[in-house]
Amino acid sequence: MSRRTTVGVSALAAVVLTLTACGGPSNNGGNSGLKGADNTIGQADVNPQDASKVKDGGEFRWPVDQLPDNWNYNQLDGTNADGRRMIDTVMPNLFKQKADATIEVNKDVLDDAKLASNDPQVLEFKINPKAKWSDGTALSYKDFEGMWKALNGTDKAFEVASTTGYEDIEKVEKGATDQDVKVTFKKKFAEWKGLFTPLYPAALTATADEFNKGWADAPKITAGPFKIGTIDRTAKLVTVVQDPAWWGPKPKLEKITFRQVDRPALADALANGQIDFFEIGSSIDLFTRAQSMQGVTIRQAITPDYSHITFNGAKGAILEDPKVRVALQRGVDTKTIAKALLGQMIKGDAQVTGNHFFLLGSAGYKDNSSVASYDKEAAKKELDAAGWKLEGETRKKDGKELVIRYVIPTPNPTSDQISKLVQSQLKEVGVKVDIQAVPSADFFKQYVNVGNFDITTFRWLASALPISDSKGIYGYDPNSTNQNYGRIGSDEVNKLLEQANGELDDTKRLEIANEADKKIWELGHQLPLYQIPGAVAIKSNVANMGAVAFANRPYDYINMGFTS
């Protein structure tokens with residue numbers, strides 16, 4: 001499953017997705033493996049087709065791990081990646097990420113967005129005058145103002161996933177008209193193109209109760225190319241249908257159905273025509289099945305998506321001591337895990353990631369993981385020094401066994417495989433791992449979000465704004481969890497994140513982020529495992545969809561469709 005938020009990250013629960021066949025042989029040819037580190041950053045593989053070659057109508061069937069826990073993406077429970085994909089079909093995005101991680105104004109929603117002044121930093125937005133909410137109200141500065149007030153952290157009753165960027169704003173004002181928005185900052189904020197998107201109506205942010213609970217079951221007001229058709233939690237599906245009130249280009253698809261499909265059932269669902277694609281993730285079984293399917297193509301592009309282990313360092317937790325967390329990380333052989341999951345699937349060696357902000361091949365990437373690099377003997381010594389002495393097969397301290405509860409979603413073969421490898425590796429340094437498999441639908445809301453774990457595994461799905469994306473994850477606020485599910489942090493990391501987010505010089509901003517990353521490694525906050533190969537299995541006749549690289553905020557819901 002995947003996650004990450006607000007100024008741009010979403011979480012998934014450790015790897016995979018869906019697809020269907022349409023006659024004719026698979027065109028995978030002699031491809032015996034996916035590209036690894038030699039893959040080219042910034043290129044998508046989506047069968048690009050002009051709109052004239054994409055037929056009008058049709059239903060695209062999209063598998064998901066779960067339905068949204070909240071249709072308010074900025075609320076703590078709303079940040080899962082599957083939910084974001086549904087939300088983006090019915091809500092306005094101010095900007096669009098392109099495959100190469102550049103960001104452009106979404107002209108369907110904004111006529112213009114610009115940095116009007118550097119000192120003080122002032123943004124000016126001009127809303128498309130045709131843009132209207134489903135209740136007939138025009139999009140206006142009031143929507144921007146409401147989001148700022150709800151998300152700036154001043155009112156703790158609002159259960160927000162992140163305050164990043166919004167807390168740096170001094171005021172949001174009306175310009176020449178209600179469709180002209182002026183945003184003035186009290187502190188500089190570099191990655192401002194992640195703010196206010198998706199945009200939510202002022203009615204949602206009017207009260208904390210409405211913000212937290214009002215959209216838990218369904219969105220009340222929309223403004224996208226699609227509108228809600230059905231939300232059926234019994235059948236575990238959501239359908240969105242074309243919205244005739246949409247003022248922009250008409251979507252090619254008539255309908256998109258998002259259906260919850262257990263990961264072990266994905267290949268059969270695609271083969272049987274129940275879904276039109278799935279993410280292969282790091283599943284060799286799904287990769288092998290996809291290779292043999294008639295009418296199915298494997299498409300691949302580097303995506304900002306990686307699997308990791310989150311540690312719980314909250315006060316009173318068994319892993320509260322950062323030295324113990326780092327020692328455990330040193331007992332985990334990430335190269336062996338990456339090879340076990342990806343080795344049969346990719347060409348060349350499986351690559352592990354050594355950075356919490358930047359992925360392999362990106363401009364800011366540096367491997368800062370040396371403090372937590374795999375060293376079984378060092379792990380043993382560090383656990384000894386922390387007072388956890390080996391007694392028999394398991395370490396103890398003050399009579400208490402070092403037993404770590406590893407919470408994973410089920411059914412999820414990838415999470416299951418990772419957890420068992422970690423269990424075996426940590427046993428060799430005297431640590432007992434108790435694996436607890438919980439229903440996928442409960443995984444985030446009842447376990448991850450509330451810190452009900454010692455360690456856990458899921459995927460981070462990042463955006464083109466990696467530093468501001470990550471502030472809510474690695475910054476520590478004792479009064480608000482944000483997305484720091486392990487409750488780990490320090491004043492030093494907080495200050496570096498503040499500096500990085502306020503630095504307008506690109507080179508300096510990357511340098512500061514890497515300094516923060518070194519400190520995050522020292523805290524034993526999270527252990528990145530490996531980067532997902534970014535492959536999907538998809539019907540060969542699907543156009544403008546597949547391995548989209550960074551072009552997932554939003555997906556191209558307007559132009560995706562079928563060629564036959």
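Computed from a predicted model, the values in this text were never measured in an experiment.

Now for helix α1 (residues 81–90). Note on helix geometry: an α-helix contains 3.6 residues per turn, so any two residues three or four positions apart are oriented the same way. Most of α1 is tucked away, with 10 of its 10 residues classed as buried. Among all positions of α1, only Ala 81, Asp 82, Gly 83, Arg 84, Arg 85, Met 86, Ile 87, Asp 88, Thr 89 and Val 90 are buried. Two or three places before Asp 82, at the start of α1, stands the capping residue Asn 80, its side-chain oxygen 3.1 Å from that residue's backbone nitrogen.

In this model, the chain carries an average pLDDT of 92, and 94% of its residues clear a pLDDT of 70 or more. In the predicted structure, residues 4–9 sits below a pLDDT of 50 and forms 54 contacts with residues beyond four places in sequence or in another chain. Confidence drops under a pLDDT of 50 for residues 13–32, and excluding neighbours within four residues, the segment shows 103 contacts in the predicted structure.

Applying the stated criterion across every chain yields a total of 26 aromatic pairs. With 5.6 Å between their ring centres and 25 degrees between their planes, Phe 60 and Phe 277 make a pair best called stacked. With a gap of 217 residues between them, Phe 60 in strand β3 (residues 59–64) and Phe 277 in strand β13 (residues 277–279) connect regions that are remote in the sequence. Exposure class is identical for Phe 60 and Phe 277. Each is buried. Judged by centre distance (5.0 Å) and plane angle (45 degrees), the rings of Phe 144 and Phe 196 are tilted. One end of the pair, Phe 144, is in helix α2 (residues 141–151); the other, Phe 196, is in the loop between β9 (180–185) and α3 (208–214), and 52 residues separate them in sequence. Given the relative accessible area of 0%, Phe 196 is considered buried. The structure contains a cluster of three or more aromatic residues connected by ring pairs, namely Phe 60, Trp 62, Phe 258, Phe 277, Tyr 555, Tyr 557 and Phe 562. When the ring centre of Tyr 73 is taken as reference, the NZ or CZ atom of Arg 84 above it lies at 4.7 Å.

Turning to the packing of helix α6 (residues 322–330) against helix α8 (residues 376–385), a few remarks are in order. Running from N to C, α6 and α8 point in directions that differ by 160 degrees, and their axes come no closer than 8 Å. With respect to α8, the element α6 is oriented roughly antiparallel. Of the two possible hands of crossing, α6 and α8 adopt the one that is left-handed. Along its contact with α6, which presents Val 324, Val 326, Ala 327, Leu 328 and Arg 330, the element α8 presents Lys 376, Ala 378, Ala 379, Glu 382 and Leu 383.

Attention now goes to the nonpolar core. Ranked by internal contacts, the top residues of the largest apolar core, which has 82 residues, are Phe 278, Ile 280, Leu 328, Val 422 and Tyr 530. With 6 residues, helix α13 (residues 506–523) is the single largest residue contributor to this core. Val 90, Met 91, Phe 158 and Tyr 557 belong to the second-largest nonpolar core, a separate cluster that totals 73 residues.

Next up on the list: the pairing of strand β19 (residues 403–410). With 8 bridges connecting them, β19 and strand β20 (residues 432–439) associate as parallel partners. In the sheet register, Arg 405 faces β20, and the bridge partner there is Asp 434. Regarding topology, helix α9 (residues 413–427) serves as the crossover connection from β19 to the parallel β20, and that connection is right-handed. With 2 bridges connecting them, β19 and strand β21 (residues 455–461) associate as parallel partners. The partner of Tyr 406 across the bridge, within β21, is Ile 455.

Quick look at the environment of Thr 481 now. Positionally, Thr 481 belongs in the loop between α11 (466–474) and α12 (491–502). Here the alpha-carbon distance between Thr 481 and Gly 451, two residues 30 residues apart in the chain, equals 9.3 Å. In contact with Thr 481, other than residues within four places in its own chain, are Asn 449, Gly 472 and Arg 487. Reaching out from Thr 481, the side chain makes a polar contact with the side chain of Arg 487 at a distance of 3.3 Å.

Next up on the list: helix α7 (residues 334–342). Those residues of α7 that fall on the buried side of the exposure criterion are Thr 334, Ile 337, Ala 338, Leu 341 and Leu 342. All buried residues of α7 project into a common sector of 100 degrees when viewed along the axis, lining one side. α7 presents Lys 335 and Lys 339 as exposed residues on the side facing more than 90 degrees away from its buried surface. In this structure, the buried side of α7 is in contact with α9 and β22 (526–531). You can read the cap of α7 off the contacts: a side-chain oxygen lies 3.2 Å from the backbone nitrogen of Lys 335, and it is on Asp 333.

Cut-off values and rules
Residues numbered from 1 in each chain as written. Predicted model: local features only at pLDDT ≥ 70, side-chain atom pairs only at ≥ 80, totals over all residues. Heavy atoms only, no water. Buried < 20%, exposed > 50% of the residue type's maximum accessible area, 1.4 Å probe, protein only. Helix = DSSP H or I, 4+ residues; strand = E, 2+ residues; numbered from the N terminus. Polar contact = N/O pair within 3.5 Å; in protein donor to acceptor, adjacent residues only side chain to side chain. pLDDT = per-residue confidence, 0-100. Contact = heavy atoms within 4.5 Å. Phe/Tyr/Trp six-rings, centres within 6.5 Å; stacked < 30°, edge-to-face > 60°. Lys NZ or Arg CZ within 6 Å of the ring centre and 35° of its normal. Axes fitted to C-alpha atoms, helices over the stretch in contact; angles between N-to-C directions. Parallel < 35°, antiparallel > 145°, perpendicular 65-115°, else oblique. Left-handed = near helix turned anticlockwise from the far one by under 90°. Core = buried A, V, L, I, M, F, W, Y, C linked by side-chain atoms within 4.5 Å. Pairing = 2+ DSSP bridges. Right-handed = clockwise from strand over helix to strand, strands pointing away. Arc of directions from axis to C-beta.

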